[in-house]
Amino acid sequence: MKQEKLIRTKNERVPRLADLTMRPVFAGRKTQGNLEAHSNGLRFISTRSEIVDIMYNNIKYAIYQPCEGDIMVLIHFHLKNPIMVGKKKHLDIQFFTEVIEASQAVDNARRSMYDPDEMDDEQRERQLRKKLNQAFKEFCKKVDIVAKKNGHELEFDIPYRDLGFTGNPHKEMVNIVPTLNCLVNLTETPFFVVDLEHVDHVHFERVTYMSKAFDMVLVNKDFSKQPWRIDMIPNGDKDAIQEWLTDMEITYTEGPMNLNWKQITATVKDDDRFYMNTEEDEVTEKEAGWEFLRMFGREDEEDEDPDEDDSEFGDDRVESEASDEEEEVDEFVSDDDDDEEDFDADEDLEEEGLDWDEMEAAAAADDRRKRNRDEDLDPEPARKQNQSSKRRR
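Conventions and cut-offs
- Residues numbered from 1 in each chain as written.
- Predicted model: local features only at pLDDT ≥ 70, side-chain atom pairs only at ≥ 80, totals over all residues.
- Heavy atoms only, no water.
- Core = buried A, V, L, I, M, F, W, Y, C linked by side-chain atoms within 4.5 Å.
- Buried < 20%, exposed > 50% of the residue type's maximum accessible area, 1.4 Å probe, protein only.
- Helix = DSSP H or I, 4+ residues; strand = E, 2+ residues; numbered from the N terminus.
- Contact = heavy atoms within 4.5 Å.
- Pairing = 2+ DSSP bridges.
- Axes fitted to C-alpha atoms, helices over the stretch in contact; angles between N-to-C directions.

Colleague: Would you explain the nonpolar core in this entry?
Modeller: One broad trend across soluble globular proteins is that nonpolar side chains are buried collectively. Counting 34 residues, the largest nonpolar core has L42, I54, Y56, I59, F77, F95 and F156 as the members making the most contacts within it. Mapped onto this core, the elements with two or more residues apiece are β1 (16-26), β2 (29-37), β3 (41-46), β4 (51-55), β5 (59-65), β6 (72-85), β7 (88-98) and α2 (116-149). Top element by residues in this core is α2. It accounts for seven residues. If near-sequence neighbours (up to four positions away) are discounted, I54 is found in contact with G41, L42, I59, F77, L79, I83, I93 and F95. Among the nonpolar cores identified, the runner-up in size contains 20 residues, and F165, I176, V202 and F204 belong to it.

Colleague: Could you clarify how one ought to interpret the sheet that holds strand β15 (residues 228-234) in this entry?
Modeller: By definition, the strands of a sheet pair up through backbone hydrogen bonds, in either a parallel or an antiparallel sense. An order of β15-β14-β13-β16 is seen for the four strands of this open sheet, with the pairing classed as mixed. Since the sheet does not close on itself, it has two edges, and those belong to β15 and β16 (252-254), each with one partner. Across the sheet, the mean angle from the axis of one strand to that of its neighbour is 20 degrees, orientation sign disregarded. The pairing of strand β13 (residues 199-205) with strand β14 (residues 213-220) spans six bridges and is antiparallel. The partner of F204 across the bridge, within β14, is M216.

Colleague: Even after reading the chapter, I still don't get the pairing of β5, so can you show me in this structure?
Modeller: Successive residues of a regular strand alternate their side chains across the two faces of the sheet. Summarising burial for β5: six of the seven residues are buried, a large majority. Sheet topology note: the β5/β6 ladder contains six bridges and is antiparallel. Paired with A62 across the strands is F77, a residue of β6. With antiparallel pairing between neighbouring strands as the criterion, β5 and β6 make up a hairpin whose turn holds six residues, including G69 at a positive phi of roughly 85 degrees. Strand direction decides the pairing type here: β5 and strand β8 (residues 156-157), joined by two bridges, are parallel. Residue A62 lies in a different strand from β8, and its bridge partner there is F156.

In structure tokens, the structure reads:
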């Protein structure tokens, strides 16, 4: 798209931010310079006299991210149409200032908290953060005033850090935060910027009882384009993300497997009645839209049979629980039988009314009667025993 020419502001003081670094860079070199707000756009002039113009009409989203726990404060522009920076087209242009150098931040981790120099450095760093945040905030306000004064609408969003989570959208773990209109990571390159206006549905992959992390797939409304992916999101962030999607009125589903999205989007693209309830055959009804990705079924089915477990291990778990209950019942019954037998024996003793001496005498009498009965049945062993006793005498 051919852009209009920048109309520079004259006879007025131009809002300016100095000593900024621009990303992307020109020809692989660090690009530093000043950013100015003019009548119909912004102009960045580098120290090598390289110029980048950003028209207000071409800015879709403007994001101001203050320095809170990061090493930089930045202004990010997500454009409607790409512009040329060097020899490449870019949709995202960013201007930032580092509060401390990244190498210095690593070195500080090895210093003692009781070091007086360390305490002075921390104090200076806090003052610098506050000063830079205030300077960027005032510049954003001035740009809003200049744009509205010339008939343009421009408003800066601030990321919601309390809704942020960690994930891997490219090749490293980064902090991802939502804004009013986007889901972004602006501190690391390449930038990750998802326009929520283009998101049709969100699906969570690898959601199982065993995994510690899951993947998030954001399906583009343009089914000819591949979805955005964020991998390795901790399970503890899933509920907060789903609540945020509900607030943004974006549908979501979840499942235990990684899906072939190239094939799915191709199939959905060819289905003219994808968002309608249709019949696959005379019996089966095809669910509307992305309902077919649901792992746990629809809510009305769950309401009809709330005791039914929809997971693939549900039947085995129910059978095992039933067998465990039966074993518990058997143990309970067997314990009762033993207790009842012991109780009956105690009752017999109580009815006889015998003490220990009487019981021992009765037992000895029983033994004598048993020996006499054995001798009457077989007298030979008794005779041999009497003869042997006479010889010993």
